[in-house]
Structures are given as structure tokens and as C-alpha cells.
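Geometric and topological summary
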Amino acid sequence: MPKQSPDSLTIRRPDDWHLHLRDGAMMAAVTPHTAAHFERAIVMPNLVPPVVTGAQAAAYRDRIMAHVPEGSNFRPLMTCYLTEDTDPEDIAKAHADGIITAVKLYPAGATTNSASGVSDFDKVRPVLEKMAEIGLPLCVHGEVTDPSIDIFDREAVFIDKVLKPIRKKTPDLRVIMEHVTTENAVDYVRDSRSNLAATITTHHLIINRNHILAGGIKPHYYCLPVAKREKHRIALVQAAISGDKRFFLGTDSAPHTDENKLLPCGCAGCFTAINTMSCLAEVFDAAGAMSKLENFTSLAGPRYYNLPPNEATMTLTKGDPVTYPATVDTGDGPVTVFDPGFPLHWRVQ
Ligand code: NCD
Ligand code: ZN
């Protein structure tokens with residue numbers, strides 16, 4: 001049980017089950033921020049070019065480790081990017097060698113750097129069958145890319161058109177529907193009997209689509225899947241605070257330089273690695289659910305991935321508002337930190 005008082009909470013150290021660390025100067029700048037609070041993170045493979053083989057995942061892991069500060073126990077959990085050319089044997093070997101923890105499915109064109117993703121889902125069937133056989137989970141970006149489908153409906157349509165058929169054909173495949181943004185996805189996960197879980201981001205617990213579009217366009221709140229109506233945000237909060245072991249944190253912290261966000265066609269992604277734990281504590285506290293924070297950030301994720309929870313702990317305390325930097329400097333330029341729009345009274349000790 002977490003140790004709790006009205007202004008203090010000690011939980012097992014959290015993990016982040018969906019994270020973008022990028023490469024090069026950006027990776028150097030953002031990795032220490034995640035390592036400061038999280039013990040493990042599932043690292044997304046959508047580099048340019050993407051991380052598609054076990055060897056590339058191992059090399060990327062080594063590049064990340066070079067930027068983990070001394071004394072930190074942070075460990076990146078690597079993923080391979082699923083393409084129509086992915087070799088099932090390469091994936092199986094990378095899994096057996098302990099290099100990868102999951103495989104990532106991006107529908108081609110769904111989001112940042114997803115051009116090499118999957119268009120014809122039958123072509124990846126042998127990989128999915130191999131993954132089901134060896135117990136390697138599939139992380140799914142759950143949005144259709146059909147331009148005729150409204151962007152606010154793309155997650156719901158993906159469930160019916162893509163995810164249900166995949167899970168029907170490969171029922172033993174362990175699936176994580178990532179960064180869910182709709183009541184539809186929450187209901188789908190909740191109603192499933194086995195082999196399905198979902199991650200929820202920090203920002204989707206806080207913003208709805210008005211934050212992006214009302215009173216002027218706010219590029220720093222634009223991410224994919226795009227935030228939906230308030231009723232969906234409420235469904236996500238209800239799922240996160242429910243204690244249900246199928247919902248856990250994946251921040252989808254996705255740093256882009258301000259230069260790349262503030263364009264006529266700006267990049268999608270919110271950078272939340274720094275202030276996520278304060279933001280989440282505020283959300284859970286406001287919902288009267290601090291006792292459920294540990295399940296969401298530290299217990300449900302490892303359980304689904306068949307990993308032990310972290311032994312180390314983290315203490316959060318409540319007091320005067322804590323300030324985080326508005327931007328983080330990187331060798332590529334400044335990156336704006338997610339602004340929850342309310343004061344953060346919870347800090348990480
Ligand atoms: C992510 C990115 O920038 O890599 N962007 C985002 O809006 N979440 C990609 C992704 O996870 O969709
Ligand atoms: Zn992501």
C-alpha cells in the first residue's frame with residue numbers, strides 16, 4: 001500500500017510506458033529529465049530512419065544509455081518499428097536476447113515519422129503470429145489514416161476497422177492500445193476479456209479540444225491522437241483513477257523544438273517528461289483518488305508487461321506551487337514544457 005497523508009504520498013517509483021527520446025542533441029537534453037523521475041520507459045522507435053531491427057534497437061539503447069546521468073537507475077525498454085518487411089525471426093531473436101520489450105505498430109502516415117508504417121495489415125500477419133507465440137507485446141498507435149475519416153473519429157474507427165480484426169485473428173497477441181483519447185477506447189479496453197490494455201498520457205487527462213482551438217490556436221497542445229471533447233477527457237480520468245490494472249501511464253512525451261511546433265504546418269507532440277508526476281498528482285488529488293496514483297504510474301504497467309514493479313520509491317509532497325521551466329534548451333533549440341494551465345502543488349522530493 002502507498003504511504004499516504006493529505007500532503008504526502010510515497011509510491012513505488014514510476015515507469016513511463018510510452019516515451020519519445022529522439023536522438024542526437026535532443027536525446028542528450030531530454031533523457032536526464034525522464035531519468036530523474038522514472039525508472040523504466042518504453043522508448044518509441046520513430047526516429048528518422050526508424051528503428052526496425054534488433055541490431056538498430058540495441059545501438060539506439062546504447063546511445064540513450066550514454067546520456068543517463070551517473071547514479072541513475074533509469075533503463076530504456078526498447079521497441080522495434082513494425083514495417084511490412086519486418087522479419088519475424090529478427091524480432092524473436094531481439095526479444096530472446098533481451099533487447100526489445102515490445103513492437104510498435106504505426107499505421108502508415110498516422111503521425112510523426114510514420115511513413116514506414118503498415119498499410120496492408122495482412123503483410124505483418126506472420127510477425128504478429130510470431131509475437132503471439134513468444135509473448136512479445138504489440139504497442140499500437142490506434143488511428144486510421146483514411147483522409148475521408150474526420151480526425152476526431154480516427155481512434156474510434158480504428159477500433160472497429162483494424163484492432164478488432166487483428167485481435168480476432170490473433171487472440172493470443174498481447175496488445176497495448178496507446179495514448180487512448182476516447183470514451184470508445186476506454187469502453188473497448190474495459191469490455192475486453194484478456195490481452196488488451198491501454199496507456200493514457202498526462203496531457204489527455206488535462207486538456208480537451210477547446211484547449212487547442214478556443215481563443216486562438218495553441219500549437220503546444222496539439223498532439224496525436226488529437227485531444228477530443230470534454231466527455232472523453234472525463235472518461236480517461238475515470239479510467240486512470242479507477243484502479244483497473246488495464247490502464248497505465250504512457251506519457252507520450254514527444255519533444256519538438258519550438259521552431260518545428262510554431263509553423264504553418266507544425267509538429268504534433270506535447271513535452272511532459274519534466275512535470276508529469278506533479279501534473280498527475282494534481283489530477284488524482286482533485287479527483288479524490290491519490291491512493292490510486294501508484295497503480296496508474298507504478299503497478300499496472302509492469303504487471304501487464306510481466307515485469308516486477310520497481311523496488312525504489314518516490315515521495316510526492318503538497319505545498320506551495322512548484323514551478324517548472326517554461327522551456328528546456330537543447331542543442332537543436334528550445335522545447336516548450338507542457339503547461340497544465342493550473343498551479344502544481346505536488347512536487348517530487
Ligand atoms: C509523436 C511524436 O512526435 O513522435 N507525436 C505525438 O503527437 N504524440 C508521435 C506519436 O506518438 O503519435
Ligand atoms: Zn508517441
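Residues numbered from 1 in each chain as written. Chains lettered and ligands numbered in written order. Predicted model: local features only at pLDDT ≥ 70, side-chain atom pairs only at ≥ 80, totals over all residues. Heavy atoms only, no water.

Residues spaced three or four apart along an α-helix face the same direction, because each turn holds 3.6 residues. Of all the residues in helix α8 (residues 230-240), the buried ones are His232, Arg233, Ala235, Leu236, Val237, Ala239 and Ala240. On the buried face of α8, the contacting elements are α6 (183-191), β9 (196-200), β10 (247-249), α10 (276-286) and α11 (293-304). (Buried < 20%, exposed > 50% of the residue type's maximum accessible area, 1.4 Å probe, protein only. Helix = DSSP H or I, 4+ residues; strand = E, 2+ residues; numbered from the N terminus. Contact = heavy atoms within 4.5 Å.)

In the vicinity of ligand 1 lie 15 residues, with Arg22, Thr111, Leu224, Asp252 and His256 positioned nearest. With respect to ligand 1, the side chain of histidine 141 contributes an N or O atom lying 3.4 Å from an oxygen atom. Here an oxygen atom of ligand 1 and a backbone polar atom of glycine 269 are 3.2 Å apart. Burial of ligand 1 by the protein chains amounts to 100% of its free accessible area of 310 Å². Here the shell around ligand 1 is built from residues that sort into 4 nonpolar, 9 polar and 2 charged. (Near = heavy atom within 4 Å. Polar contact = N/O pair within 3.5 Å; in protein donor to acceptor, adjacent residues only side chain to side chain. Areas by Shrake-Rupley, 256 points an atom, 1.4 Å probe, with all protein chains shown as cover. Nonpolar A, V, L, I, M, F, W, Y, C, P; charged D, E, K, R; others polar.)

Moving on: the packing of α10 against α11. Interaxial distance between α10 and α11 falls to 9 Å at its minimum, and their mutual angle equals 140°. Of the possible angle classes, the one that applies to α10 and α11 is oblique. Residue-level inspection shows Met277, Leu280, Ala281 and Phe284 of α10 in contact with α11, the latter providing Leu293, Phe296 and Thr297. (Axes fitted to C-alpha atoms, helices over the stretch in contact; angles between N-to-C directions. Parallel < 35°, antiparallel > 145°, perpendicular 65-115°, else oblique.)

This part covers the pairing of strand β6 (residues 100-105). Most of β6 sits inside the fold, with 6 of its 6 residues counted as buried. For strand β5 (residues 75-81) and β6, the ladder comprises 4 bridges, and the chain directions are parallel. Within β6, the position partnered with methionine 78 by the bridge is isoleucine 100. In this fold, β5 hands off to helix α3 (residues 88-96), which returns the chain to β6; that crossover is right-handed. The pairing of β6 with strand β7 (residues 138-140) spans 3 bridges and is classified as parallel. By the bridge assignment for β7, lysine 104 is matched with cysteine 139. (Pairing = 2+ DSSP bridges. Right-handed = clockwise from strand over helix to strand, strands pointing away.)

Within β9, 5 of the 5 residues are buried, leaving the element largely enclosed by the surrounding structure. Where burial is concerned, the two faces of β9 agree: the one with Leu196, Ala198 and Ile200 and the one with Ala197 and Thr199 are both buried. Examined bridge by bridge, strand β8 (residues 175-177) and β9 share 3 bridges and lie parallel to one another. Opposite methionine 177, over in β9, you have alanine 198 as the bridge partner. Handedness of the β8-α6-β9 crossover: right-handed. In terms of strand pairing, β9 meets β10 through 3 bridges, oriented parallel. Residue pairing in the sheet places alanine 198 in a bridge with phenylalanine 247 of β10.

Listed as buried for α6 are Ala185, Val186, Tyr188 and Val189. Summarising the axial view, the buried residues of α6 lie within an arc of 165°, below the 170-degree limit, and thus occupy one face. Of the surrounding secondary structure, the elements contacted by the buried residues of α6 are α5 (154-169), β8, β9, α8 and β10. (Arc of directions from axis to C-beta.)

Turning next to the side chain of arginine 167. Following the sequence through the fold, arginine 167 ends up in helix α5. Of the side chains bearing the opposite charge, aspartate 172 lies closest to the buried arginine 167, which forms no salt bridge; the N-O distance is 9.6 Å. Setting aside chain neighbours within four positions, we find arginine 167 in contact with Val175, Tyr188, Ser192, Ser194, Asn195 and Leu196. (Lys, Arg positive; Asp, Glu negative; His and termini not counted. Salt bridge = Lys/Arg side-chain N within 4 Å of Asp/Glu carboxyl O.)

This part covers the packing of aromatic side chains. Each aromatic ring pair is summarised here by two numbers: the centre-to-centre distance and the angle between the ring planes. Scanning the model with the defined rule gives 8 aromatic pairs in all. Judged by centre distance (5.6 Å) and plane angle (35°), the rings of phenylalanine 284 and phenylalanine 296 are tilted. Taken together, the positions of phenylalanine 284 in helix α10 and phenylalanine 296 in helix α11 put the pair 12 residues apart, joining distant regions of the chain. Connected via pairs of aromatic rings, a cluster forms that spans Trp17, Phe248, Tyr304 and Tyr305. (Phe/Tyr/Trp six-rings, centres within 6.5 Å; stacked < 30°, edge-to-face > 60°.)

It is worth spelling out unusual backbone geometry at this point. The amide bond that connects valine 48 to the next residue, proline 49, takes the cis arrangement and shows omega of -5°. Relative to the assigned elements, proline 49 resides in the loop between β4 (40-43) and α2 (54-65). Here the bond from leucine 224 into proline 225 is cis, since omega is -5°, no more than 30 degrees from zero. Residue position: proline 225 is located in the loop between α7 (209-213) and α8. For aspartate 252, which is not a glycine, the phi torsion comes out positive at approximately 55°. Tracing the chain through its elements places aspartate 252 in the loop between β10 and α9 (258-261).

On to the nonpolar core. Residues Ile100 and Leu205 are the most contacted members of the largest nonpolar core, which totals 93 residues. The element best represented in this core is α10, accounting for 6 residues. Excluding residues that lie within four positions of it along the chain, leucine 205 makes contacts with Ile200, Arg233, Leu236, Val237, Ala240, Leu280, Val283 and Phe296. Met44, Leu77, Cys139 and Phe248 belong to the second-largest nonpolar core, a separate cluster that totals 14 residues. (Core = buried A, V, L, I, M, F, W, Y, C linked by side-chain atoms within 4.5 Å.)

So, on to the coordination of the zinc ion (ligand 2). Note on the zinc ion (ligand 2): its protein donors are His18 (NE2), His20 (NE2) and Asp252 (OD). The metal-donor distances range over 2.0 Å. For the zinc ion (ligand 2), the 4 donor atoms in the first shell make angles of 92 to 135° at the metal, a pattern classed as irregular. Counting along the primary sequence, the residues that act as donors to the zinc ion (ligand 2) give the motif H-x1-H-x231-D. Placement of the pair is histidine 20 in the loop between β3 (15-19) and α1 (24-37) and aspartate 252 in the loop between β10 and α9, with a sequence separation of 232 residues. Its relative accessible area of 6% is what places histidine 20 among the buried residues. A relative accessible area of 6% means that aspartate 252 is categorised as buried. (Donors = N, O, S within 2.8 Å, 3.2 Å for Na, K, Ca; no water. Tetrahedral: all angles 85-135°; square planar, octahedral: opposite > 155°, others 65-115°.)

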